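Examining the three-dimensional arrangement
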Amino acid sequence: MGLRSSLVMQDGTMWTQKDGQTTVQINPNSPGFTVANPQKGPKVPMIIAAVLVVIGLIGFSIAAIVGASIEDRYNDLSTEDYTRVIGDNGTLQYDDADGMGEEGWYLLIEGDPKADSDRNGQADACDGVNFSITWGDATSNESGNEIDTKIARFDCDIGGDNSNEEYFDIEEHIIIARICYTLADEFGDKEHTCLNGGEVHVSNDGGVNMSILDLDKMYEPFVEELIVIGVFSGGSFAAGCCSICGGIVALFVGLMRFGGKKSPEQTIQFQSQ
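As the structure is a computational prediction, the values presented were derived from the model and not from experiment.

**Regarding the packing of aromatic side chains**
- The full count for this structure, using the stated rule, is three aromatic pairs.
- Where Phe131 meets Phe154, the ring centres are 5.5 Å apart and the plane angle is 45 degrees; that geometry is what we call tilted. With Phe131 in strand E8 (residues 131-135) and Phe154 in strand E10 (residues 152-154), this residue pair connects regions lying 23 residues apart in the sequence.
- Accessibility expressed as a relative area gives 1% for Phe131, which makes it buried.
- Seen from their ring centres, Phe168 and Tyr219 are 6.3 Å apart, and the 70 degrees between their planes marks the pair as edge-to-face. Of this pair, Phe168 sits in the loop between E10 and strand E11 (173-179) while Tyr219 sits in helix H2 (residues 215-257), placing them 51 residues apart in sequence. Each of the two residues, Phe168 as well as Tyr219, counts as buried.
- In this structure, Arg178 is placed above the aromatic ring of Tyr181, and the distance from its NZ or CZ to the ring centre is 4.1 Å.

Quick look at the structure:
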């Protein structure tokens, strides 16, 4: 005769074990088992969207800050280390080995670029002085300024073409010429046609001390720094774009789920036969 054990639950369900076999007798009045099958709501996608949007905005902010720093860095360029005094005459060596063009030089003299006491339309520092800017061994016996316009833009006039040049931190000096500016514009045109390896001769007949600002040497460290900043700024901007796009996708998924009905609870009813 085998051993028999029984267990009766509060709802009337009887579990019986006999000879290693288990049987279940369910009370007909038992409510049964309830199984919930909830559907995921919009909470997780919405959180992901918010996080990605915040990351994207941070990326855009970094790119904007870095972009602003580039402009500040340009405005703060110092000309002191790239300016040399040549006296009343000097020779400049033009070097453009890659043929891509050069920024060239500023020709400076001491004076106030806005001072015109005799109201002749020319800066006072230029009055009574003749300047010469020539290429190679070119010479002339003509009186007055001797300017080869193919290699230089000379202008001492108040409010003239050279007044629009960037003065950076230049003080108490006048930019009277831009020499060998050979970079092409958006149409491929170049203002000057200086040839690689050639020489530019600069002089005046009034004993006025002149200075030369080498723009290419001044820009070199700035351009190198600009490349590094540009890569970092571009990466931040790209990361911001990707994060914003990801946030939009996550937001869309969340909105699709928002307000959706959860699956009804399923009741499994066991009844005795």
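**What to know about the sheet that holds strand E6 (residues 89-93)**
- Strand order in the open sheet formed by four strands is E6-E12-E8-E9, and the pairing between neighbours is mixed. Of all strands in the sheet, those bounded by a partner on one side alone are E6 and strand E9 (146-147).

**Describing the nonpolar core**
- Ranked by size, the top nonpolar core spans 37 residues in total, and within it Leu107, Ile109, Ile133, Ile176, Ile179, Val200 and Val202 carry the most contacts.
- Those elements that place two or more of their residues in this core are strand E7 (105-110), E8, E11, strand E12 (199-204), strand E13 (210-214) and H2.
- When near neighbours in sequence (up to four residues on either side) are disregarded, Val202 contacts Ile86, Asp88, Asn89, Gly90, Leu92, Leu107, Ser132, Ile133, Ile179 and Met210.

**Let's talk about the state of the cysteines**
- Taken as a whole and judged by the stated rule, the model has two disulfides.
- Disulfides within the protein link the bonded cysteines, taken in sequence order, as 1-2, 3-4.

**A look at the environment of Gly104**
- With respect to the secondary-structure elements, Gly104 resides in the loop between E6 and E7.
- With near-sequence residues (within four places) excluded, Gly104 lies in contact with Ile179, Cys180, Leu213, Asp214, Leu215 and Asp216.

**Some words on the confidence of the model for the protein**
- Of the residues in the protein, 54% reach a pLDDT of 70 or more, and the chain-wide mean stands at 75.
- Taken together, the stretch residues 260-273 has pLDDT below 50 and engages in 23 contacts with residues farther than four places along the chain or on a different chain.

**Things to note about the pairing of E6**
- The side-chain alternation of E6 yields one buried face, formed by Gly90 and Leu92, and one unburied face, formed by Asn89, Thr91 and Gln93.
- Pairing analysis gives five bridges linking E6 to E12, with the strands arranged antiparallel. If you follow Gly90 over to E12, its bridge partner there is Val202.

Cut-offs applied
Residues numbered from 1 in each chain as written. Predicted model: local features only at pLDDT ≥ 70, side-chain atom pairs only at ≥ 80, totals over all residues. Heavy atoms only, no water. Phe/Tyr/Trp six-rings, centres within 6.5 Å; stacked < 30°, edge-to-face > 60°. Helix = DSSP H or I, 4+ residues; strand = E, 2+ residues; numbered from the N terminus. Buried < 20%, exposed > 50% of the residue type's maximum accessible area, 1.4 Å probe, protein only. Lys NZ or Arg CZ within 6 Å of the ring centre and 35° of its normal. Pairing = 2+ DSSP bridges. Core = buried A, V, L, I, M, F, W, Y, C linked by side-chain atoms within 4.5 Å. Contact = heavy atoms within 4.5 Å. Disulfide = S-S within 2.5 Å. pLDDT = per-residue confidence, 0-100.

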